[in-house]
Amino acid sequence: MATIDYLEKEFEKLQATTGGQLSAFRQDAFTAFSRLGIPSSRNEEWKYTRVGLVFNKTFQFSEDDGSRFTAADLTKLKLPGSDEANEIVFLNGRFSSTLSTLRSQGLTLLPLEEAAQGAHSEFVATHFANSSKYLKDGINAMSTAFLSGAIFLDVKKGATIDHPVYIYNISDAREFNVLSQPRSLIKVGENAQVQLVETFVTIGSQESFTNQVMEMVVERDAITEYYKIQNDVPNANQVSTTHIRQTGKSYTHAVTISLDGGMVRNNLNLVLDAPNCEAHMYGLYFQKGKTHIDNHTVVDNVQPNCLSNELYKGILTDSATGVFNGKIFVRPLAQKTNAYQSNKNVLLSDTASVNTKPQLEIYADDVKCSHGCTIGQLDEEALFYLQSRGINEKRAKSMLLHGFSSDILEKIKLTPIRAYVEGLIDQRLEFDKE
Amino acid sequence: MLKIQNLHAGIEGKKILNGINLEIRPGEVHAIMGPNGSGKSTLASVLAGRKEFEVSNGTVEFLGKDLLDLSPEARAGEGLFLAFQYPIEIPGLSTTNFIKTAVNEVRKYRGQDTLDAVGFLKLMKEKMALMNMDQSLLSRPLNEGFSGGEKKRNEIFQMAMLQPKLAILDETDSGLDIDAIRIVANGVNKLATQDTAVLVVTHYQRLLDYIVPDFVHVLYKGRIVKSGPKELALELEERGYDFIKNETNVTEEV
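Predicted model, so just to flag it, every value in this text is computed and none were measured.

Enquirer: Is there a simple way to explain the overall build of chain A in this structure?
Expert: Across its full length, chain A carries 10 helices and 20 strands. Compactness check: chain A gives a C-alpha radius of gyration of 21 Å against a globular reference of 22 Å for 434 residues, within 12% of the reference. Projecting the C-alpha coordinates of chain A onto the three principal axes gives extents of approximately 70 × 55 × 45 Å. Across the 434 residues that make up chain A, the buried fraction comes to 60%. Restricting to contacts in chain A with at least 6 residues of sequence separation, those with at least 24 account for 85%. Of the roughly 16,500 Å² of accessible surface on chain A, 48% is carried by carbon and sulfur atoms.

Next up, the structure:
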């Protein structure tokens, strides 16, 4: 693998030029990366997502001093509502201060290096790279090993952030296959409220591989909404990891929407690390062409009286492939846990496929847990019902799929984002609103 | 209006209808009765165009057109309506949106202007009053969590909205108490005109107390074995279907 040789050299360069508090993290992670390598399909967690195939191609990091990708380029790919939002931009995996704008009070944004030295040093030391405890693979290690241009975002204790935070992960693949590793550590302070929207954009016709890791701590009584919107080009590959640790009575609401892309793997980990936490995880994937979508989720109930609710829905057509893997751990202390999980899939073609696997590991005896998954085709009875009312077959199918998606779409509480996603879905369904 | 000749149909190689002949003219109400498994619901499904059923022989003419040649949606456009025995629940699709789409698709088919929001609302209010429908039902997902009576009422409400020429009621009375039957039947009667016709498919006579048929046909083993005036329904109710079976056996022996 040409990229691996390249990475070894890059690591030496990086360690030589950037010292600081984080180099020990890098060194440990590089050792792990060298040992683990890129996961093969023999790795159970990567059985259906053959990330090695992507890595057979040559990828490299890209430095941009701001001369190639400009603010004007950014304007063209902004999400609706961006003008009012706080905007954080990662360009080729590195935070770009010139392209980013904070508009709300209560947010502090620092380079991770800086945060690791100042008032937040203890927080960084405790919580940075915690996702690796759950994701013991070379991809996760690679993010930390080549740490560069990462950010720390602090949402001030008690602050209700008045505008959402939009995070753009941009890969400029106009010249060569680019490897981007956006990395962030976020602290949502006690009793704070924030809405985060994350999206991925590749420009250019070469390939991108985005290995993004966001680690977040939602502190006592804090409320976080997190939306991941994936609608990139077919030459865009990504492993997108969101690792959220919740403490006392905090609340998380996560919605993952995946449309176009090449190979897309999402890891969403929720660690419910104090009593009375509540977490809701919703996902909708709607793939066509040869897009591969893999949603791996983990809910780790560590402490008692927590609630987690998870619903992922998928529609796959053409030769698209899907994977859903939902793990729920209930640790011995986590009595009175309520954990629900459901994954429903509709296959619209003979060549689309999905592998779905719920996994429950329960070590406490007074809990309520459920899981279920379905894979099916569009309901012929329902289709006939609509047709018998004069609605043509194509339109009837659209209406049924729209109905299937609607309970996920309505979980998007940010109006401009919801309208945007609904528009994309309607477009895909060729659904003209009257 | 509807002319069925020698209709044979089945599903997955199993023959269910074995030569149905039936003619319905505008203004008429026909009832098809028969024991379980006689093919009543199959006939309703074949007429509405459910594609699992294969027609192996015979013709069906509807308002001068070859009905069997039309897609289910075209049949609705031409003016055929099937009230389902088991209306389908569709989560995520609001009843109002569904009906609005249906009404406008049918209007397009018939060469009429589509209704705007105001026009649609006016029509809907009018037909809701006719069916004693509660507004709240219509903002809910289609049939989801509706009671049996609400589902059937919703079927007749859709019929009122789509203004068909021929309405086929497939065991609309099944699972309904007498009050619900009265409301549903009342709706159907109010919609009947000189130009429209109704085909009531039922196992029991009691619906026919409220939707009074001009003709009653008895379906048995996929054929109409006896036709008569509305009194035939009463006779069936009294004597059961056995006497029909016995008569049929006699004719088969001859």
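That was the structure; now back to the text.
Enquirer: Looking at this model, I keep getting lost on the domain arrangement of chain A. Mind explaining?
Expert: All names here are of chain A. In terms of domain boundaries, chain A breaks down into domain 1 (2-274) and domain 2 (382-434). Each side of the interface is counted separately: domain 1 has 17 residues, and domain 2 has 13 residues. Counting across the domain 1 and domain 2 interface gives one salt bridge. Our count for the domain 1 to domain 2 interface comes out at three residue pairs in polar contact (both at pLDDT 80 or more). Among the elements of the structure, β8 (193-203), β10 (223-230) and β12 (251-258) are those that each provide at least two residues to the side of domain 1 that touches domain 2.

Enquirer: Help me out: how do you make sense of the sheet that holds β12 of chain A in this one?
Expert: Backbone-to-backbone hydrogen bonds join strands into a sheet, with any given pair of strands oriented parallel or antiparallel. Residues and elements named next belong to chain A. On the basis of which strands lie adjacent, the open sheet formed by 10 strands has the order β2-β1-β5-β8-β10-β12-β14-β16-β18-β20 and mixed pairing. Each having just a single partner strand, β2 (94-95) and β20 (368-376) make up the two edges of the open sheet. One ladder, built from nine bridges, connects strand β18 (residues 338-347) with β20; its direction is parallel. Directly across from K344, in β20, lies its bridge partner T374. Helix-sheet contacts for helix α9 (residues 393-409) involve β12, β14 (278-287), β16 (307-316) and β18, and the interaxial angle to β16 is about 150 degrees. Contacting β5 (165-172), β8, β10, β12 and β14, helix α10 (residues 415-428) crosses the sheet at an angle of about 30 degrees to β14.

Enquirer: What should I look at first to understand α10 of chain A in this one?
Expert: A turn of α-helix holds 3.6 residues, and therefore any two residues three or four places apart point the same way. Residue and element names in this part refer to chain A. Here α10 spans 20 Å end to end across 14 residues, near enough to the 20 Å set by a 1.5 Å rise per residue. Along α10, the residues that are buried comprise I417, V421, E422, L424, I425, D426 and R428. Trailing α10 by a residue or two, E430 shows a phi angle of about 50 degrees, which is positive.

Enquirer: Would you mind going over the nonpolar core with me for this structure?
Expert: The nonpolar side chains of a soluble globular protein tend to be buried, and buried together. Core analysis: the largest hydrophobic core is formed by 130 residues, its most contacted members being I257 and L386 of chain A together with L169 of chain B. In terms of residues, this core owes the most to one element, α9 of chain A, which gives seven residues. The residue makeup of this core includes at least three contributed by each of domain 1 (2-274) and domain 2 (382-434) of chain A. In contact with I257 of chain A, not counting residues within four places along its chain, are K228, I229, Q230, L284, I408, L409, I412 and V421 of chain A. L109, I151, I167 and L347 of chain A belong to the second-largest nonpolar core, a separate cluster that totals 42 residues.

Enquirer: Teacher, can you tell me more about the pattern of salt bridges here?
Expert: Oppositely charged side chains can form a pair if their charged atoms are brought close together. Inspection of the entire model under this criterion finds 34 salt bridges over all chains. The closest approach of N and O atoms between K397 of chain A and E393 of chain A, which form a salt bridge, is 3.5 Å. Remark: E393 of chain A and K397 of chain A occur in helix α9; sequence separation between them is four residues, near one turn of the helix. Relative accessible area serves as the criterion here: at 34%, K397 of chain A is assigned to the partly exposed category. Judged by relative accessible area, E393 of chain A falls into the partly exposed class, the value being 31%. Across the pair K65 of chain B and E78 of chain B runs a salt bridge whose closest N-O atoms are separated by 2.7 Å. Pair noted here: K65 of chain B is in strand β5 (residues 65-66) and E78 of chain B is in helix α2 (residues 72-78), with a separation of 13 residues, a long-range link. Overall, the relative accessible area of 40% leaves K65 of chain B in the partly exposed class. When its relative accessible area of 16% is taken as the criterion, E78 of chain B is described as buried.

Enquirer: For this particular structure, what's the right way to read the packing of helix α4 (residues 117-130) of chain B against helix α6 (residues 148-162) of chain B?
Expert: How two helices sit against one another is set out by the angle between their axes and by the gap between those axes. Residue and element names in this part refer to chain B. Relative orientation of the contacting elements α4 and α6 amounts to 135 degrees, with a least axis distance of 10 Å. The angle between α4 and α6 falls in the class oblique. In this structure, α4 meets α6 at a crossing whose hand is right-handed. Facing F120, L123, M124, K127, M128 and L130 of α4, the residues of α6 in contact are F157, A160 and M161. Partitioning the contact of α4 with α6 into residue classes produces eight nonpolar, no polar and one charged.

Enquirer: What am I meant to see in the interface of chain B and chain A here?
Expert: Size of an interface: often given as the accessible area lost when the parts come together. On the side of chain A, 20 residues touch chain B, which itself brings 31 residues to the contact. Both faces considered, chain B and chain A share a buried interface measuring about 2,200 Å² in area, 59% of it formed by carbon and sulfur atoms. The interface formed by chain B and chain A holds four salt bridges in total. Residues E155 of chain B and R389 of chain A are paired through a salt bridge, measuring 2.6 Å at the closest nitrogen-oxygen approach. Summed over the shared surface of chain B and chain A, the result is 10 residue pairs in polar contact (both at pLDDT 80 or more). With eight residues, the top contributor of residues to the side of chain B that touches chain A is helix α3 (residues 95-109) of chain B. When grouped by side-chain class, the residues that make up the side of chain B that touches chain A number 17 nonpolar, seven polar and seven charged.

Enquirer: Can you walk me through the environment of A320 of chain A in this structure?
Expert: When you line up the elements, A320 of chain A lands in the loop between β16 and β17 (321-330). Sequence-distant contacts of A320 of chain A, that is, excluding residues within four places in its chain, are made with Q287, K288, G289, K290, T291, T351, A352 and S353 of chain A.

Enquirer: Explain the sheet that holds β5 of chain B to me, please; I cannot follow it from the model alone.
Expert: Residue and element names in this part refer to chain B. Strand order in the open sheet formed by four strands is β2-β1-β4-β5, and the pairing between neighbours is antiparallel. The open sheet has two edge strands, β2 (14-24) and β5, and neither has a second partner. As paired strands, strand β1 (residues 2-11) and β2 are joined by eight bridges and run antiparallel to one another. Bridged to K3 within β2 is E23.

Enquirer: Looking at this model, I keep getting lost on the packing of aromatic side chains. Mind explaining?
Expert: To describe a pair of aromatic rings, one takes the distance between the centres and the angle between the planes. Residues and elements named next belong to chain A. Counting across every chain of the model gives 18 aromatic pairs over all chains. Ring plane angle 90 degrees and centroid distance 4.9 Å describe the contact between F25 and F128, whose orientation is recorded as edge-to-face. Within this pair, whereas F25 is found in helix α2 (residues 23-36), its partner F128 is found in the loop between α6 (121-127) and α7 (138-145), the two being separated by 103 residues in sequence. Its relative accessible area of 2% is what places F128 among the buried residues. Residues F33 and F146 carry aromatic rings whose centres are separated by 6.2 Å and whose planes lie at 85 degrees to one another, so their mutual orientation is edge-to-face. With F33 in helix α2 and F146 in the loop between α7 and β4 (151-155), this residue pair connects regions lying 113 residues apart in the sequence. For the pair shown, F33 and F146 are each scored as buried.

Cut-offs applied
Residues numbered from 1 in each chain as written. Chains lettered and ligands numbered in written order. Predicted model: local features only at pLDDT ≥ 70, side-chain atom pairs only at ≥ 80, totals over all residues. Heavy atoms only, no water. Helix = DSSP H or I, 4+ residues; strand = E, 2+ residues; numbered from the N terminus. Rg over C-alpha atoms; globule rule 2.2 N^0.38 Å. Buried < 20%, exposed > 50% of the residue type's maximum accessible area, 1.4 Å probe, protein only. Contact = heavy atoms within 4.5 Å. Areas by Shrake-Rupley, 256 points an atom, 1.4 Å probe, with all protein chains shown as cover. Domains from an automatic or database assignment. Salt bridge = Lys/Arg side-chain N within 4 Å of Asp/Glu carboxyl O. Polar contact = N/O pair within 3.5 Å; in protein donor to acceptor, adjacent residues only side chain to side chain. Pairing = 2+ DSSP bridges. Axes fitted to C-alpha atoms, helices over the stretch in contact; angles between N-to-C directions. Expected span 1.5 Å × (residues − 1). Core = buried A, V, L, I, M, F, W, Y, C linked by side-chain atoms within 4.5 Å. Parallel < 35°, antiparallel > 145°, perpendicular 65-115°, else oblique. Left-handed = near helix turned anticlockwise from the far one by under 90°. Nonpolar A, V, L, I, M, F, W, Y, C, P; charged D, E, K, R; others polar. Buried area = accessible area lost by both parts, 1.4 Å probe. Phe/Tyr/Trp six-rings, centres within 6.5 Å; stacked < 30°, edge-to-face > 60°.

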